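Coordinate inspection notes
Spelled out from the first residue to the last, the chains are:
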Amino acid sequence: MSFTPRGQHLIAGQWTGSINQFRSEADGLEPLDVAEGGPVDVEQAVQAAETAFWSYGYSRAESRAVFLETIAEEIEARGADLTRVAMAETGLPEGRLNGERGRTTSQLRLFAEHIRKGEYLDRRHAEALPDRQPAPRPDLKLVQRPVGPVAVFGASNFPLAFSTAGGDTASALAAGCPVVVKGHPAHPRTGELVAQAIGVAMERCEVDPGVFSLVQGTSHELGSALVTHPLINAVGFTGSLRAGRALFDQCAARSSPIPFYGELGSINPVFLLPGALAIRAEEIGKGWAASLTLGAGQFCTNPGVVFAPAGEDLERFIAAARMTLEESAPQTMLTGAIANSFTTGCTGMAAIDGVETVHATPSEGRSGGPAMLRTTFEVWQRQGELAHEVFGPSGLVVEVADKAALREAALSLDGQLTCTLQLEEPDMDAAASLVPVLERKAGRLLVNGFPTGVEVSDAMVHGGPYPASTNFGATSVGTLAIRRFLRPVCYQDMPKAVLPQELS
């Protein structure tokens, strides 16, 4: 049966509307009036989450693992509808969305497997030493415990993998934390369909319906009400620096501050070392351009800036990249507002004295055509706005004097999600001098690849120093993401009968 959207919230197992609504337009679909959530809806959802925590937060890992796997099954059962609806709402192609759906269900199953192993609990035991002098040592046991209800904000650029049932939701549910999701207004039908899958999974697994709620809406008031609610204990967010910083400040200003795990974007610089340029300039140029335009450049790991020594090899790289971009047609962007912001950002960079436009494809309406610019490191140092992310298929090449200047360029960076080194055997000494700097700047370092494409695994880090993210010790991708929603508790001389089941 084809999906018919309600345009409603899912709160504690019930579909419900609001007095106010916002209009959602999508290519090929009828306009939809969607419930505009507010503080009243947040209150209902969070109170239900708090009630659910007293059972769900103390449930066995196996039951939570089965719940996660059931969500994955229900999402897969809606696969065709999800692709159709998400294509209409986001403009993303079928292949990309099918792949993203697979990543979403794989994440859920990965966390199910992870909590079954029990390693995430980080159990520690310091046995009692009653005869120790000069003072005895008590019996001490440590284990990680869920923090309580969590708020999650859906992302515009990943309607499945970073939204309603994405990595933040999956890791929080795995930890034992109920979740209240603020759906992204760019794809409310997609969010509702995924929420439907979670709702059915809650029924099948007999989970308290307060464990998951979806609240739709466009207003800043809705987001503010969610992060400032006294029963919310942590926040997961993927989005812009401006919006993320505002929510981060609200979390910090609470009478009881809470952690805000915001992934806010990055320019993901690429460092071209001389040996690599000499051997593979054309190959690297084509690869960079392809990565730059993947998904209309709407990835938080888009490699937006290249640092490279000036010279003939760099000119070969630029020529190859330009040729590849010239063959790349404009693509539909996620929203009209994102497309407009991209065009404005490219125009602003091109207007800076000392910045040369190498290639620019005219963009109209919701489409975004690739752009490539170049400048010198001296201009980069003077013009701080060049270090700001332009969300879309735009790349900037920054010429440095020589390979020694690459380290100075690395030192000039703010926090990043990724930094990439293109190198060959003659570059090892130069790379060795860069790595200590780059590991202080980014959460993931790559060699001879491009950062678009984030592997979901035990070893992945998708985060970095501010402003890439608001907590440099956390990741929003991979099994380590569960640690954001846990806290260590020590039990001293606690009788076995009253210890948590994970320690008894």
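See the structure printed just above.
So, here is what we can say about the structure in this document. Just so you know, these numbers come straight off a predicted model, no measurement behind them.

Conventions and cut-offs
- Residues numbered from 1 in each chain as written.
- Predicted model: local features only at pLDDT ≥ 70, side-chain atom pairs only at ≥ 80, totals over all residues.
- Heavy atoms only, no water.
- Helix = DSSP H or I, 4+ residues; strand = E, 2+ residues; numbered from the N terminus.
- Buried < 20%, exposed > 50% of the residue type's maximum accessible area, 1.4 Å probe, protein only.
- Contact = heavy atoms within 4.5 Å.
- Polar contact = N/O pair within 3.5 Å; in protein donor to acceptor, adjacent residues only side chain to side chain.
- Phe/Tyr/Trp six-rings, centres within 6.5 Å; stacked < 30°, edge-to-face > 60°.
- Arc of directions from axis to C-beta.
- Pairing = 2+ DSSP bridges.
- Axes fitted to C-alpha atoms, helices over the stretch in contact; angles between N-to-C directions.
- Salt bridge = Lys/Arg side-chain N within 4 Å of Asp/Glu carboxyl O.

Let us now look at the environment of R484. Along the chain, the position of R484 falls in the loop between β20 (442–447) and β21 (486–492). According to the relative accessible area criterion, R484 is buried, its value standing at 4%. Along the chain, R484 and V147 lie 337 residues apart, while their C-alpha atoms are 8.9 Å from each other. Non-local contacts of R484, meaning those with residues more than four positions away in its chain, are made with G167, D168, S171, Y261, A474, T475 and S476. Engagement of the side chain of R484 in a polar contact is seen with the side chain of D168, the distance being 2.8 Å.

Another aspect to go through is the packing of aromatic side chains. Within this structure, the stated rule accounts for 13 aromatic pairs. Here the aromatic rings of F237 and F260 are separated by 5.6 Å at their centres, their planes lie at 35°, and the arrangement is tilted. Within this pair, whereas F237 is found in strand β10 (residues 234–238), its partner F260 is found in strand β11 (residues 260–263), the two being separated by 23 residues in sequence. On the basis of relative accessibility, which here comes to 3%, the residue F260 falls in the buried class. With 5.2 Å between their ring centres and 25° between their planes, F271 and F307 make a pair best called stacked. You can see F271 sitting in strand β12 (residues 270–272) and its partner F307 sitting in strand β13 (residues 305–309), a full 36 residues away along the chain. Both residues of the pair, F271 and F307, count as buried. Aromatic ring contacts, followed pair by pair, group F153, F237, F248 and F260 into a single cluster.

Moving on, we come to helix α13 (residues 403–411). Among all positions in α13, only A405, L406, A409 and A410 are buried. End-on, the buried residues of α13 take up no more than an arc of 155°, which puts them together on one face. Residues of α13 that are buried sit in contact with β12, β13, α12 (377–382), β18 (394–400) and α14 (428–438). The N-terminus of α13 is capped by D402, whose side-chain oxygen sits 3.1 Å from the backbone nitrogen of A404.

Strand order in this open sheet of three strands is β5-β6-β21, and the pairing throughout is antiparallel. Each edge of the open sheet is held by one strand with a lone partner, namely β5 (124–126) and β21. Between one strand axis and the next, the sheet turns by 25° as a mean value, whatever way the strands run. As paired elements, strand β6 (residues 140–146) and β21 share seven bridges and run antiparallel to each other. In the sheet register, V143 faces β21, and the bridge partner there is V489.

Below, the discussion takes up the pairing of β13. Regular strands show a simple pattern: their side chains alternate between the two faces of the sheet. Burial runs high along β13: five of the five residues are buried. Burial along β13 is two-sided: V305, F307 and P309 and V306 and A308, pointing in opposite directions, are all buried. Where β13 and β18 come together, five bridges link them in parallel fashion. For V306, the partnering residue across the bridge sits in β18 and is V397.

A few words on the side chain of T293. Take T293: it is sitting in helix α9 (residues 274–293). Ignoring anything within four residues of it in the chain, the contact list for T293 reads L325, S328, Q331, P370 and P393.

All right, on to the pattern of salt bridges then. Going through the model one piece at a time under the given rule, you end up with 23 salt bridges. Two residues, E100 and R96, come together in a salt bridge whose shortest N-O distance is 3.3 Å. Of the two residues, E100 and R96 are both situated in helix α4 (residues 94–117); the distance of four residues between them amounts to about one turn of the helix. A single burial state applies to E100 and to R96, both of which are buried. Among the charged side chains, a salt-bridge network with shared partners connects E73, E74, R78 and R204.

Note that all results are geometric; they support no functional claim without further evidence.
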